[in-house]
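# Report on the structure
So the chains spell out like this:
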Amino acid sequence: MALDTRVASPRAARPARVAARATSAGKVPPLLFALALAVCVVLAGPLVFLLLEAASARDVGALVFRAFTAELLWNTARLTVAAVAACVVLGTGAAFLVERTDLPFRRFFAVAFVVPLAIPDFVVSFGWSSLSGAISGFWGALLVMSLAVYPLVYLPVAASLRNGDPAEEEVARSLGYGPWRTFLRVTLAQARIAVLGGALLCALVILAEYGAFEMLGYQTFTTEIFTELQVAFDLNGAAALSLVLVALSIVLVAGELASRGRRGAERTRAPRHPPQRHRLGRLRPIALVGATGLVAGAIGVPVATCGYWMAQATTAPLAGVSLASATAQTAGYGVAAGALAVVLASPVALLSVRYQGVLALLLERSTYLVLAVPGLVVALALSTASLRYGGGFGYQSAPLLIFAYALLFFPLALVGVRTSLAQAPRRFEEVARSLGVRQRSVFRRVTLPLVAPGLAAGFCLVFLSVVTELTATLVLRPTGVETLSTQFWSYQQNLSYAQAAPFALVMVGLAALPSVALGRYFDRLARRQLASGAVA
Amino acid sequence: MSAAPPGLALSGLRKHFGSQLVLDGVDLTVASGAFAALLGASGSGKTTLLRLIAGFERPDAGSVAIGGRVVEAPGQRVAPEDRRVGFVPQEAALFPHLSVEANVAFGLPRRRRLEAAALLELVGMAPYGRRMPHQLSGGQQQRVALARALAIRPALVLLDEPFSSLDPNLRAAVREEVGRILREAGSTVLLVTHDQDEALSLADVVAVLRRGVVAQCATPRALYGAPADVELACFLGEANVLEGRARAGEVTTVLGAAPCGAPGVLGDGELVEVLVRPEQLRLVAVSDPSAPQESLAAVVERLDYHGHDALVRVRLETENAAPLVARTLGDPGVVAGERVRVWLDGAVRAWPRRAVTTSRAAVSVQD
Amino acid sequence: MRRSIASLWALGLAGSIGLVGVATAAPSASARAHAVTITLYNGQHVQTTDALVRAFTRRTGITVAVRSEDEGALVNEIEAEGSRSPADVVFTENSPALESLQGHGLLARLPKAIRSATPARFGSPRGDWVGVTARVSVIVYNPALIRATQLPRSVLALGTARYRRELALAPGETDFQPIITAVAARDGTARTRSWLEGMKANAAGHLYPDNETVTNDVNRGLVALGVINQYYWYRLRAQIGARNMHARIAEFAPRDPGYVLDVSGAGVLAASPHRRAAERFVAFLVSRAGQSIIDRSDSFEYPLAKGVPAPTGEAPLASLRPDPISIAELGDGHRAVQLLEQAGLL
């Protein structure tokens, strides 16, 4: 008799079919899809216009493919590479010190490292270049951009280090890795995606930067596009040059996406306890000096220089709008643009968070392309399009400017709205409904309170970017209107530093408020996730 | 005959996502006030079924009735908020922006808000009303979620793997307490789980969901003792499946003849598959005189000691013998390599042999 | 479910559009208070324009909305705007910008009374704009880095290796283009291009966005010399005080193409719906009152009206011996831009 004896554990029995995840609901509501698509089409507008414009340029080839372009490309590329590298080192180092070591005054530094986000690059550059004429050219640009832009690396890396799973580090240590090797091989690997994302943002900002380089006398693609417009009166040429920049940026965005996708480093479970802090020991004073130096360079110098110039008496005050009126104007634009951007971002965010699919992902990602287009170019596209196809409708009007802001900073709003929607997964709404609560009330009592802080965060991001925006404002502002940044710029251009300084300071103050609030919001979010993760 | 309508009645529920058929005609009836468990491997469609009952998804076909009221049928639909279904999701899903007390009071009309305190008392969370959800442990969150669901005096309580995220130590205690609370509340309960211990120990009736249909619905005892087929038998606990031959109400296997129950009538001399639960195998040391006559000689291959019991894998000294697993209460008193005597105790279950045997791991003792 | 969220979204959209309205409302309300408002596209320095605009409004009750930008950008804007241009008056730093607009037929013929207020050789040959002020190009140098005797007599020398690493250059400045045109008119395209290439090499590391920076950096001793219009030096002195001035200015040899008189002028847009008011503004610019304001202001440009003296401390306009190139010969500057592009300076 043949023996057929099997002992099967119940868990060994696998289902023949794997059911679809019930939580990702199948069909996308057509209305939502239509709204998201409409928003994306609007965002793609400037890019399409740019293409048309470049296509109709005379001698595009002659303008784009010449030795000078190579020179500009080289200038742009080497500065971007060097400054991004510097930002990665500064941002990651600062984040590590704050999140993972016993650096003194950590809470202060956690805020101080973010504040430079509120200081426009051209104000940092103003601070440094008026300090010493030697701060110019490549090295000046490298110094200024590193100090001005590193928070874009610091923020995501700090968040990633805070949420990183300490278990992985502990395992590495137990496998015989020293603390330094553990940091390099495990901690940094965990933060890799954050570092990459931050570096990408830095690169895009540097590519599109105008004011700071203009002040430092460093020629890049963007400054040349500006010059092309001002001197050669050539919009087609400028559009053609912008396309080179856009192509460069698309390569960067795609590269970042590709390198992110190669290895899914998504954490599968929430950490059970907060990561341990390294003792700095004898390095503590050195770290403190380094951190202080960074804060001094990025905040101290610009603010102190402004203070210095304000204290100087001038013989020839220029007329201009009052500080109060420029502040009110700027704040008004910021509020309106922030609200508009958040509203526009919400269908796209809703689609991508709640109805994950290829189409939703493509739509969402396509909106990031706008990051690749310098603000100046977007502004020009809008103003020219309004003249050429809109019968001058909205030309040089505040609504068009605000719309431009909303377009330019749409990705920032999207980040905020996405984060907030992730805070309100559909199961909360379902539970609420099963408890007998009607749709409308569910939205008011559950969804809105959960989503509101994130919406506010998106709003704040847009607001502070509007406050510090220069180039698009210069092109699109209504005649007679000066914002803080344009008034600062016009005084600065005329070497009226004493008059420029207060505008810079108010601008920094106005932008610093939301950025501090943002820092606190993301901090709380991380803590809450940590706490709820600990019980899961 | 009974006048009371069933607490839950599902009929012909079908649901697919894209090209995947998840539920393929589910029929299930749960008596009013009963505690039912829906047992299925992960991905078997349990959660989908729950969401159909709660009204979060619409079925492609079929109907749902709760307490005699049809809430879902072709051309007929009651909104989730009108179904009076208390839903306790996995991970509790307490509203993070509301305090514990506000969470419990969420579904209550304003004038009944004070009842929240009593409900918190019921689940033993009275001192925690002011806390925020993230300040609670997982077990505490589950109990609050339960209180929140009970607040609306539900006709039906749905529990979606509520204990799977808890520590094993905590799990048994919370499970027992939740069971007690729900029985006291007297509502009809449907618990979804992939853990057969949980289902068997908590529920009055257990339905096994397999490949989109209910494979069997019975009391825990009936399900364990008389599963409908071999696959279910293996799913519901450790099992030795032997080949045998039926004859006059008995089957003969390598272990000898034993009385046998079967779903149908077995023909004389028919080849059958025989389920022998490990606890039906007895073994003693070869020197022990208590071994009955018909016992067989075997060698202990491996011992998995669990304290309250032990799993002993033995191999009969017969030629070509595959290993068998026996469960002993407490210390088996033998060690690996030792010779023992093994025999079968009690009636077994047998099914006509299927044409194709399922390809499962031949021997695997886990846990 | 979906419908209510959609209507909520629509509500949000309406709300933010309302906010846009509020943010927009403030300035236009204040502008409406006045009877007539003209729009000035100002490519001149705000130092020059501000005092003029204020005095004009005080006198006439006509408000002027000023849009200040680089003259190149303004011309580009007007050409893009065409007949829809909101501009009534355009006031530029240099003649080529105005010549370009005139060439596109975007300017209206000015009444003779306005044109004759300043000498005809400083105005449009066709009569569509009028000269308001003039500046003269000079060398700015830092005596600590270069001695006066080592300075070039001709601007052409700045392209030679003699001045390697000593030159500051603002190639994007529209003030620089008339010099290029003058050189090209005298020496031809090929020589001009090699001269520009030589200057580019000499100015490596000191290519600046504007003449303010050139002047400032020469003064700070970062670079030895540059070519500017004289008034940048006077403005910097007014800003930082005479005791902080280390840089000096020197003239090129008489009739050298580097020694160019740049004319700033104003015109009225052909499409302007407020032509009368716009003409009054231009008339004011060249009136004795307007010219005196320029004279006394921190602009340090030469007023062009007869009988108004040069700003204090500057050599009288009549004593200058610039390259005799005419406004018509300076043209719309496109040749200079082409040369700059060919030399890789733009």
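Please read all numbers here as calculations on a predicted model, not as lab measurements.

Time to look at the overall build of chain C. Looking only at helices and strands, chain C has 13 helices and 10 strands in total. Scaling as 2.2 N^0.38, a compact globule of 346 residues should have a C-alpha radius of gyration of about 20 Å, and chain C matches this with 23 Å. In terms of its C-alpha atoms, chain C occupies a principal-axis envelope of roughly 80 × 60 × 45 Å. Among the 346 residues that make up chain C, the fraction classed as buried is 61%. In chain C, the share of contacts with a sequence separation of at least 24, taken over all contacts with a separation of at least 6, comes to 76%. Counting every atom, chain C has about 13,300 Å² of accessible surface; 54% of that belongs to carbon and sulfur. Side-chain charges in chain C split into 37 positive and 31 negative, and the spacing between the mean points of these groups amounts to 3 Å.

Attention now moves to the environment of C:Val75. All names here are of chain C. Mapped onto the elements, Val75 comes out in helix α3 (residues 71-81). A relative accessible area of 1% means that Val75 is categorised as buried. It is 39 Å that separates the C-alpha atoms of Val75 and Gln150, two residues lying 75 residues apart in sequence.

Among all residues save glycine, negative phi is the norm, and among peptide bonds the norm is trans. One non-glycine residue, B:Glu91, lies in the positive phi region at around 60°. Along the chain, B:Glu91 turns up in the loop between β7 (85-88) and α2 (100-105). Residue C:Arg255 is not a glycine yet carries a positive backbone phi of 65°. The topology assignment puts C:Arg255 in the loop between β8 (248-250) and β9 (261-269). With a relative accessible area of 52%, C:Arg255 lands in the exposed category.

Moving on to the environment of A:Pro116. Residues and elements named next belong to chain A. With respect to the helices, strands and loops of the structure, Pro116 is situated in the loop between α4 (106-112) and α5 (121-131). Judged by its relative accessible area of 1%, Pro116 falls in the buried class. Residues Pro116 and Leu401, 285 residues apart in the sequence, show an inter-C-alpha distance of 25 Å. Excluding anything up to four places from it in sequence, Pro116 contacts Leu147, Ala148, Tyr150, Pro151, Ala298 and Ile299.

Turning our attention to the sheet that holds strand β2 (residues 20-30) of chain B. Residue and element names in this part refer to chain B. Read across the sheet, five strands follow the order β2-β1-β4-β5-β6 without closing on themselves; strand pairing throughout is antiparallel. Two strands lie at the open edges of the sheet, namely β2 and β6 (76-77), each paired on one side alone. Where strand β1 (residues 8-17) meets strand β4 (residues 61-66), five bridges bridge the pair, whose relative direction is antiparallel. Directly across from Leu8, in β4, lies its bridge partner Ile66. Contacting β1, β2, β4 and β5 (69-73), helix α1 (residues 46-54) runs over the sheet at an angle of about 120° to β1.

Right, let's talk about the nonpolar core for a bit. In globular proteins that are soluble, nonpolar side chains generally tend to be buried together. One finds A:Phe113, A:Phe488, B:Ile53, C:Leu196 and C:Leu225 to be the most contacted residues of the largest nonpolar core, which totals 285 residues. If near-sequence neighbours (up to four positions away) are discounted, C:Leu225 is found in contact with C:Ile139, C:Val140, C:Tyr141, C:Ile146, C:Leu151, C:Pro152, C:Leu158, C:Tyr163, C:Glu166, C:Leu167, C:Ala168 and C:Val218. Counting 44 residues, the second-largest nonpolar core is a separate cluster that includes B:Ala105, B:Val123, B:Phe235 and B:Leu236.

To continue, consider the interface of chain A and chain C. At the junction of the two partners, chain A supplies 66 residues and chain C supplies 57 residues. A buried area of about 5,200 Å², summed over both sides, lies between chain A and chain C, and 59% of it is on carbon and sulfur atoms. Of the charged contacts, one joins A:Glu71 and C:Lys200 as a salt bridge, the two residues approaching to 2.9 Å between their closest N and O atoms. Elements that contribute at least two residues to the side of chain A that touches chain C include exactly α1 (30-55), α3 (67-100), α5, α12 (221-231), α15 (323-354), α18 (398-408), α21 (439-467) and α22 (471-476) of chain A. The leading source of residues in the side of chain A that touches chain C is α15(A), at 11 residues.

Okay, the pattern of salt bridges next. Residue and element names in this part refer to chain B. Tallied over the entire structure, the rule returns 44 salt bridges over all chains. Linking Asp229 and Arg210 is a salt bridge whose minimum nitrogen-to-oxygen distance equals 2.9 Å. Taken together, the residues span a long stretch of sequence, with Asp229 in the loop between α7 (220-225) and α8 (230-235) and Arg210 in strand β10 (residues 205-210) at a distance of 19 residues. Note on Asp229: relative accessible area 22%, which makes it partly exposed. For Glu243, the salt bridge goes to Arg353, with nearest N and O atoms at 1.7 Å. Linking Glu243 in strand β12 (residues 239-247) with Arg353 in the segment after β21 (348-352), this pair joins segments that are 110 residues apart in sequence. Owing to a relative accessible area of 10%, Glu243 belongs among the buried residues under this scheme.

What follows deals with the packing of α15(A) against α18(A). Residue and element names in this part refer to chain A. The N-to-C vectors of α15 and α18 enclose an angle of 55°; their axes lie 8 Å apart at closest approach. In terms of orientation, α15 lies oblique with respect to α18. Judged by the twist between their axes, the crossing of α15 over α18 is right-handed. Residues Tyr333, Ala336, Ala337, Leu340 and Ala341 of α15 touch α18, and the partners they reach there are Ala398, Leu401, Ile402, Phe403, Tyr405 and Ala406.

All names here are of chain B. The six strands lie next to each other as β7-β8-β9-β3-β10-β11, forming an open sheet whose pairing is mixed. Strand pairing shows two members of the sheet lacking a second neighbour, β7 and β11 (213-218), which therefore form its edges. With direction set aside, neighbouring strand axes in the sheet form an average angle of 20°. Two elements, strand β3 (residues 35-39) and strand β9 (residues 188-193), share five bridges in a ladder whose sense is parallel. Residue pairing for β9: Ala36 is matched across the bridge by Leu190.

Moving on, we get to the pairing of β4(B). Residues and elements named next belong to chain B. Direction of pairing for β4 relative to β5: antiparallel, over a ladder of three bridges. Bridging across to β5, Val64 finds its partner in Glu72. Hairpin connection between β4 and β5: a loop of two residues separates the two successive antiparallel strands, and Gly67 in this loop has a positive phi of roughly 55°.

Our next topic: the domain arrangement of chain C. All names here are of chain C. The assigned domain composition of chain C is domain 1 (30-132 + 263-314) and domain 2 (135-260 + 334-342). One C-alpha centre belongs to domain 1, the other to domain 2, and the line joining them spans 27 Å. Contact with domain 1, which involves 16 residues of that partner, is made by 12 residues of domain 2. Summed over both sides, the interface of domain 1 with domain 2 buries roughly 1,200 Å², with 46% coming from carbon and sulfur. The three residues of domain 1 that bury the most area against domain 2 are His45, Asn94 and Phe300, which together make up 36% of that side's buried surface. Put simply, domain 1 and domain 2 have three salt bridges between them. With its nearest N and O atoms 4.0 Å apart, the salt bridge here joins Glu301 to Arg135. The tally of links between domain 1 and domain 2 comes to 12 residue pairs in polar contact (both at pLDDT 80 or more). Looking at the side of domain 1 that touches domain 2 residue by residue, the classes come out as three nonpolar, seven polar and six charged.

In this structure the tally under the stated criterion is 27 aromatic pairs over all chains. Here A:Phe122 and A:Phe488 contribute two aromatic rings whose centre-to-centre distance is 5.6 Å and whose plane-to-plane angle is 35°, an arrangement assigned as tilted. A residue pair is termed long-range when its members are at least 10 positions apart, and A:Phe122 in helix α5 and A:Phe488 in helix α23 (residues 484-493) qualify at 366 residues. Given a relative accessible area of 3%, A:Phe122 falls into the buried group. Ring plane angle 50° and centroid distance 6.0 Å describe the contact between A:Phe428 and B:Phe95, whose orientation is recorded as tilted. Within this pair, whereas A:Phe428 is found in helix α20 (residues 426-434), its partner B:Phe95 is found in the loop between β7 and α2, the two belonging to separate chains. Residue A:Phe428 shares its accessibility class with B:Phe95, and that shared class is buried. Put simply, the rings of A:Phe122, A:Phe126, A:Tyr210, A:Tyr308, A:Trp309, A:Phe488, A:Trp489 and A:Tyr497 touch in pairs and so form one group of aromatic residues. For A:Arg445, the ring lying beneath its charged end belongs to B:Phe106, and the centroid distance is 4.0 Å. Looking at B:Arg277, its charged tip hangs above the ring of B:Tyr224, at a distance of 4.0 Å from the centre.

The rules behind the values
- Residues numbered from 1 in each chain as written.
- Chains lettered and ligands numbered in written order.
- Predicted model: local features only at pLDDT ≥ 70, side-chain atom pairs only at ≥ 80, totals over all residues.
- Heavy atoms only, no water.
- Helix = DSSP H or I, 4+ residues; strand = E, 2+ residues; numbered from the N terminus.
- Rg over C-alpha atoms; globule rule 2.2 N^0.38 Å.
- Buried < 20%, exposed > 50% of the residue type's maximum accessible area, 1.4 Å probe, protein only.
- Contact = heavy atoms within 4.5 Å.
- Areas by Shrake-Rupley, 256 points an atom, 1.4 Å probe, with all protein chains shown as cover.
- Lys, Arg positive; Asp, Glu negative; His and termini not counted.
- Charge placed at Lys NZ, Arg CZ, Asp CG, Glu CD.
- Pairing = 2+ DSSP bridges.
- Axes fitted to C-alpha atoms, helices over the stretch in contact; angles between N-to-C directions.
- Core = buried A, V, L, I, M, F, W, Y, C linked by side-chain atoms within 4.5 Å.
- Buried area = accessible area lost by both parts, 1.4 Å probe.
- Salt bridge = Lys/Arg side-chain N within 4 Å of Asp/Glu carboxyl O.
- Parallel < 35°, antiparallel > 145°, perpendicular 65-115°, else oblique.
- Left-handed = near helix turned anticlockwise from the far one by under 90°.
- Domains from an automatic or database assignment.
- Polar contact = N/O pair within 3.5 Å; in protein donor to acceptor, adjacent residues only side chain to side chain.
- Nonpolar A, V, L, I, M, F, W, Y, C, P; charged D, E, K, R; others polar.
- Phe/Tyr/Trp six-rings, centres within 6.5 Å; stacked < 30°, edge-to-face > 60°.
- Lys NZ or Arg CZ within 6 Å of the ring centre and 35° of its normal.

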